[in-house]
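Residues per chain, in single letters:
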Amino acid sequence: MNKKRCMAESKNKGDEGRWTMKFATDYDILNGAKSGDELAWERFYNFYSPLIRLHGRDCGLKNENLEDLVQDVMVTLSMQMPGFVYDPCKGRFRDYLRRIIHARACDILRRVYRQERIPYEEQDEAFQTDLFEAEWREHILSRGMEKLKETICLRHYQIFYLLDIRNYTVKTLAELYQVPAISIYSIRNRVEAKLREIVKELDY
């Protein structure tokens, strides 16, 4: 019964088609932002603003300055996007984004330090780059999990989440969902493959 219900849910959601469509939409968010599409900019803001705030803290900003940073980064991007051409052969978008975040954060810090009459010394950018790389991976994995939940059967997502994130044993899940252990392994492998593909599409 559970298997039939799960298959029905997947069929009703148009699982494979919807999954592919969402990949294309997320991958094309840069083109939407370049064209000035308001919905694309809203999605761009929602996707990247948490990462901008997080890296702003790495650069030394206090919480009260983080929203200013987000707005400054978005203004810079809105000015540069029309002429921006994304070419993976020439560099990664995340490196381009990190440089803008770093530059705008330094601008804010200079203003703050000048107002407080404190000498400003820029932090080690190489160290901040390493921090950003780790934060980017965590951010992409988190968003990947959100998209995974939207695009697969809820039952399969729960099994994967409990097994890989909550560290339940295969035996426990087989008993909980009343399926053979080999089915748990099979579900885990298929869902993991989908998550890897989602993350790959988001990681540009």
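That block above? That's the structure.
The rules behind the values
- Residues numbered from 1 in each chain as written.
- Predicted model: local features only at pLDDT ≥ 70, side-chain atom pairs only at ≥ 80, totals over all residues.
- Heavy atoms only, no water.
- Phe/Tyr/Trp six-rings, centres within 6.5 Å; stacked < 30°, edge-to-face > 60°.
- Helix = DSSP H or I, 4+ residues; strand = E, 2+ residues; numbered from the N terminus.
- Buried < 20%, exposed > 50% of the residue type's maximum accessible area, 1.4 Å probe, protein only.
- Expected span 1.5 Å × (residues − 1).

Trainee: Give a description of the packing of aromatic side chains that names residues and reports values.
Mentor: Evaluated as defined, the whole model comprises 9 aromatic pairs. Their ring planes at 50° and their centres at 4.7 Å tell us that Phe44 and Tyr48 sit as a pair that is tilted. Taken together, the residues Phe44 and Tyr48, both in helix H4 (residues 38-58) and 4 residues apart, mark about one turn of the helix. For the pair Phe44 and Tyr48, a shared accessibility class is recorded, and that class is buried. Given the relative accessible area of 0%, Tyr48 is considered buried. What links up through ring pairs into an aromatic cluster is the set Trp41, Phe44, Phe47, Tyr48, Phe93, Tyr96, Phe132 and Trp136.

Trainee: Give me the lowdown on helix H8 (residues 154-165), citing residues and values where you can.
Mentor: An α-helix turns once every 3.6 residues. As a result, residues three or four positions apart point the same way. The terminal C-alpha atoms of H8 lie 15 Å apart, and with 12 residues this matches the ideal 16 Å at 1.5 Å per residue to within 8%. Buried within H8 we find Arg155, His156, Tyr157, Ile159, Phe160, Leu162 and Leu163. Among the residues trailing H8, Asn167 stands out with phi positive, at a value near 65°.

Shape descriptors only; they carry no functional weight alone.
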